[in-house]
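Fold and contact review
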Amino acid sequence: MAARARNASPAPRSSAYTAIYAVVRRVPRGRVSTYGAIAELAKLPRQARLVGYAMHALPDGSPLPWHRILSADGRLGIARLSPSGALTQRMRLEREGVGFDARGRVKLERFGWPRARFAARPR
């Protein structure tokens, strides 16, 4: 991940980060989840931003599948902070079979995890 400013996020050893990382480890290959979904599953409702901080705090080369976590609209959340990081993220997801639409978004109804959260809802 891109270098971060000092004190840009809470301490990575916090119990919240531990809970977040435990959920991120469960996201299966070829699937994605959102910052908000990870927060809820980690028992941190409405703490999507904290999930973003936790992902940003990961050291380079971390084995955690950080690339499987997206914004609520299916976009690569890292794109504004690190265009090269976004390219890495997209390439990793495409290697796992995750597809993108013409606008650079992942269809969460198809690739989202857990499935029940992202199931297509009737309109």
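In the annotation of an unreviewed UniProt entry, the entry for the protein reads Methyltransferase, and the organism field reads Eiseniibacteriota bacterium.

Description of helix α3 (residues 48-56)
Because each turn of an α-helix spans 3.6 residues, side chains separated by three or four positions in sequence point in the same direction. Those residues of α3 that sit buried are L50, V51, A54, M55 and H56. On its buried face, α3 sits against α1 (15-26), α2 (35-41) and β2 (69-70).

Things to note about the packing of aromatic side chains
Evaluation of the coordinates by the stated rule reveals one aromatic pair. Seen in terms of ring centroids, Y17 and Y21 are 5.9 Å apart; in terms of plane orientation they differ by 65 degrees. Their pairing is edge-to-face. Of this pair, Y17 and Y21 both sit in helix α1, four residues apart, roughly one helical turn. On the accessibility criterion, Y17 (0% relative accessible area) is buried. Assessed through its relative accessible area of 11%, Y21 is described here as buried. We note R90 situated over the ring of F100; from NZ or CZ to the ring centre the distance is 4.2 Å.

Looking at α1
In a regular helix each residue adds 1.5 Å, so twelve residues correspond to 16 Å; α1 covers 17 Å between its end C-alpha atoms and thus fits that length. Every buried residue of α1 is accounted for by A16, Y17, I20, Y21, V23 and V24. Considered in projection along α1, the buried side chains sweep an arc of 165 degrees and stay on one side of the axis. Summarising the geometry of α1, the exposed residues directed more than 90 degrees from the buried face are S15 and R25. Next to the buried residues of α1 lie α2, α3 and β2.

As for the packing of α1 against α3
For the pair α1 and α3, interaxial distance at closest approach is 10 Å and the crossing angle is 80 degrees. Viewed along their axes, α1 and α3 adopt a mutual orientation that is roughly perpendicular. Across the interface between the two elements, A16, Y17, I20, Y21 and V24 from α1 touch L50, V51, Y53, A54 and M55 from α3. Broken down by class, the residue content of the contact of α1 with α3 amounts to ten nonpolar, no polar and no charged.

Comments concerning the confidence of the model for the protein
Mean pLDDT for the protein: 89, with 87% of residues reaching 70 or above. Note on residues 1-7: pLDDT is under 50 here. Beyond four places in sequence and across chains, it has twelve contacts.

Overview of the nonpolar core
Grouped together as the largest cluster of nonpolar side chains are 35 residues, with contacts concentrated most on I20, Y21, V32, I38 and M55. Looking at this core, the elements that each hand over two or more residues are α1, α2, α3, β2, α4 (83-95) and α5 (108-111). When sequence neighbours within four positions are dropped, the list of residues in contact with V32 reads V27, R68, L70, L93, V98, V106, L108, F111, G112 and W113.

What about the pattern of salt bridges?
Opposite charge on two side chains makes pairing possible when the charged atoms of those side chains draw close. Under the counting rule described, the total for this entry stands at five salt bridges. Taking the shortest distance from any N to any O, the salt bridge between D73 and R75 comes out at 3.1 Å. Residue classification places R75 among the partly exposed positions, given a relative accessible area of 36%. Of the charged contacts, one joins E94 and R90 as a salt bridge, the two residues approaching to 2.9 Å between their closest N and O atoms. Pair noted here: E94 and R90 are both in helix α4, with a separation of four residues, about one helical turn. Taken together, the shared-partner salt bridges in this structure form one network comprising R29, R68 and E96.

Conventions used here
- Residues numbered from 1 in each chain as written.
- Predicted model: local features only at pLDDT ≥ 70, side-chain atom pairs only at ≥ 80, totals over all residues.
- Heavy atoms only, no water.
- Buried < 20%, exposed > 50% of the residue type's maximum accessible area, 1.4 Å probe, protein only.
- Helix = DSSP H or I, 4+ residues; strand = E, 2+ residues; numbered from the N terminus.
- Contact = heavy atoms within 4.5 Å.
- Phe/Tyr/Trp six-rings, centres within 6.5 Å; stacked < 30°, edge-to-face > 60°.
- Lys NZ or Arg CZ within 6 Å of the ring centre and 35° of its normal.
- Expected span 1.5 Å × (residues − 1).
- Arc of directions from axis to C-beta.
- Axes fitted to C-alpha atoms, helices over the stretch in contact; angles between N-to-C directions.
- Parallel < 35°, antiparallel > 145°, perpendicular 65-115°, else oblique.
- Nonpolar A, V, L, I, M, F, W, Y, C, P; charged D, E, K, R; others polar.
- pLDDT = per-residue confidence, 0-100.
- Core = buried A, V, L, I, M, F, W, Y, C linked by side-chain atoms within 4.5 Å.
- Salt bridge = Lys/Arg side-chain N within 4 Å of Asp/Glu carboxyl O.

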